[in-house]
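What follows is each chain in one-letter form.
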Amino acid sequence: MAIVSFGAPLPAALPCPTLTLPLAPLGGWPVIEAWLSDRPVQPMADHGISLVMNGEWLIGTISVDERPGWSLDSLTDDAYRRILYHLNRLGYPNLCRIWNYFPRINEEQDGLERYRRFCVGRHRALAELLPDFPLSLPAATAVGTPYGPLQIMFLASTRPPTHLDNPRQLNAYEYPPAYGPRSPSFARATLCRFPQGTTLFIAGTASVVGHASQHIGAPVDQTHESIRNVTAVLERASSACGANLLAQTNHALFKVYIRNPDHFSAIQAAFHDSSLPVRHCVFLQGDLCRRELFTEIEGLLVAKAPHA
Ligand code: 3EB
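In short, a report on the structure.

Procedures and definitions
Residues numbered from 1 in each chain as written. Predicted model: local features only at pLDDT ≥ 70, side-chain atom pairs only at ≥ 80, totals over all residues. Heavy atoms only, no water. Helix = DSSP H or I, 4+ residues; strand = E, 2+ residues; numbered from the N terminus. Buried < 20%, exposed > 50% of the residue type's maximum accessible area, 1.4 Å probe, protein only. Contact = heavy atoms within 4.5 Å. Pairing = 2+ DSSP bridges. Axes fitted to C-alpha atoms, helices over the stretch in contact; angles between N-to-C directions. Core = buried A, V, L, I, M, F, W, Y, C linked by side-chain atoms within 4.5 Å. Expected span 1.5 Å × (residues − 1). Near = heavy atom within 4 Å. Polar contact = N/O pair within 3.5 Å; in protein donor to acceptor, adjacent residues only side chain to side chain. Areas by Shrake-Rupley, 256 points an atom, 1.4 Å probe, with all protein chains shown as cover. Phe/Tyr/Trp six-rings, centres within 6.5 Å; stacked < 30°, edge-to-face > 60°.

### Observations concerning the side chain of Ser-207
For Ser-207, the position within the fold is in the loop between strand S14 (197–205) and strand S15 (208–209). Among the residues examined, Ser-207 registers a relative accessible area of 0% and is labelled buried. In this structure, Ser-207 is in contact with Ala-212, Ser-213, Gln-214, His-215, Gln-222, Glu-225, Ser-226 and Leu-293, ignoring residues within four places of it in sequence.

What follows is the structure in structure tokens.
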């Protein structure tokens, strides 16, 4: 259905949505992520959006170049409006997972940090157009690239999923204004309990407890805190679906974004000492949305769980 490449170029013409991300894999080889379907797929492309559907899932990507006269909030607002327009038109109105990547995430643009500008634009579009906002917000990631366009990948479904909170963390969409004029529009996790199977998407999860960043300046302690948050989300999802997902992390994949490549070995070692399987982790160099955050974990778990 889709191909995502980390740190290596892709052939120009692939018959599916693609994302080429300049996030270097740490500790080795280029990483290619392939999203597969066991049913026939139908592609569609329109002005920078490329998407594919299989009757249950829709996966799409949009790439937007920044241009003079457009601030990142307007650009993001416009991209999200176009995404929602197509999801509604095609009958896949339920957002399940979103990834956002753009450069200079912690730089100021016209007096506001670009991550906060991105949040303003995303909030403007979603608050206006998404029914049941903010309760219908999906798990998401927002990570900074060294260069390139604003790139968004989105997964949606014909069926409504269940969005989950993390009891250790305030919902991001309820963060106080100290973190920016509009709160970050995402859920801590999204659980898709569909007849074909159960999939859990865990959002970018950092060293944040309540709403405050923890362990400033300490990458290993931040990693352990982030792992505690991922574990708490797995416990929350386990009670939501009636299966022990903590016992199924061998069916999970994790991406670990690391701001400073000098921290890679120490952060990787912290996973060795944890309950998350390090051989299921891909480590990528990327900037995070708060300057003080050194690392962030996201996860995907295809679960064995009783039918919904
Ligand atoms: C946090 O908990 C960390 O703006 O979409 C993590 C994942 C974070 C996604 C987003 C932000 C986003 O606040 C930051």
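### Thoughts on the sheet that holds strand S12 (residues 162–164)
Here six strands make up an open sheet; going across it, the order is S12-S13-S14-S19-S17-S18 and the pairing mixed. Each end of this open sheet is capped by a strand with a single partner; those strands are S12 and strand S18 (281–285). Across the sheet, the mean angle from the axis of one strand to that of its neighbour is 15 degrees, orientation sign disregarded. Looking at chain direction, strand S17 (residues 252–258) and S18 are connected through five bridges and run parallel.

### Describing the nonpolar core
Among the nonpolar cores identified, the biggest contains 66 residues, and Trp-35, Ile-152, Phe-154 and Phe-201 are the most heavily contacted of them. Counting 28 residues, the second largest nonpolar core, distinct from the first, contains Val-230, Leu-234, Ala-243 and Ile-267.

### Comments concerning the sheet that holds strand S4 (residues 42–46)
Strand order in the open sheet formed by six strands is S4-S5-S6-S11-S7-S10, and the pairing between neighbours is mixed. Edge positions in the sheet fall to S4 and strand S10 (139–145), since each has one partner strand and no second. For this sheet, the mean inter-axis angle between neighbouring strands, taken without regard to orientation, is 10 degrees. Pairing analysis gives five bridges linking strand S5 (residues 49–53) to strand S6 (residues 57–64), with the strands arranged antiparallel. Residue Val-52 lies in a different strand from S6, and its bridge partner there is Ile-59. Across the sheet, helix H1 (residues 72–90) touches S4, S5, S6, strand S7 (94–103) and strand S11 (150–157), and the angle it forms with S11 is around 25 degrees. Here helix H2 (residues 114–129) sits on the sheet in contact with S7 and S10, set at roughly 150 degrees to S7.

### Concerning helix H3 (residues 219–241)
With 23 residues, H3 ought to run about 33 Å at 1.5 Å a step, and its terminal C-alpha atoms sit 33 Å apart, in line with that. Immediately downstream of H3, the backbone of Gly-242 shows phi near 70 degrees, a positive value.

### Concerning the site of the ligand
As a structural note, the neighbourhood of the ligand is formed by Tyr-115, Arg-122, Ala-140, Thr-141, Ala-142, Tyr-175, Pro-184, Phe-186, Arg-188, Gly-204, Cys-289 and Glu-296. Tyr-115 is positioned with one of its side-chain polar atoms (N or O) 2.4 Å from an oxygen atom of the ligand. When the ligand sits alone it has 360 Å² of accessible area, and the protein chains cover 100% of it. Within the residue set of the shell around the ligand, elements represented by two or more residues are H2 and S10.

### Brief notes about the packing of aromatic side chains
According to the stated counting rule, one finds nine aromatic pairs in the structure shown. Relative to Phe-283, the ring of Phe-271 has its centre 5.6 Å away and its plane inclined at 85 degrees; by these criteria the two rings are edge-to-face. Within this pair, whereas Phe-271 is found in helix H4 (residues 264–272), its partner Phe-283 is found in strand S18, the two being separated by 12 residues in sequence. Each member of the pair Phe-271 and Phe-283 is classed as buried. Ring pairs connect the aromatic residues Trp-57, Phe-194 and Phe-201, which therefore count as one cluster.

### Describing the side chain of Lys-255
Summarising the element assignment, Lys-255 is placed in strand S17. On the basis of relative accessible area, Lys-255 is assigned to the buried category, the value being 11%. Within the structure, Lys-255 has its side chain in polar contact with the side chain of Glu-33 (distance 2.7 Å). The contacts of Lys-255, once residues within four sequence positions are left out, are Phe-6, Glu-33, Trp-99, Val-282, Leu-284, Glu-296, Ile-297 and Glu-298.

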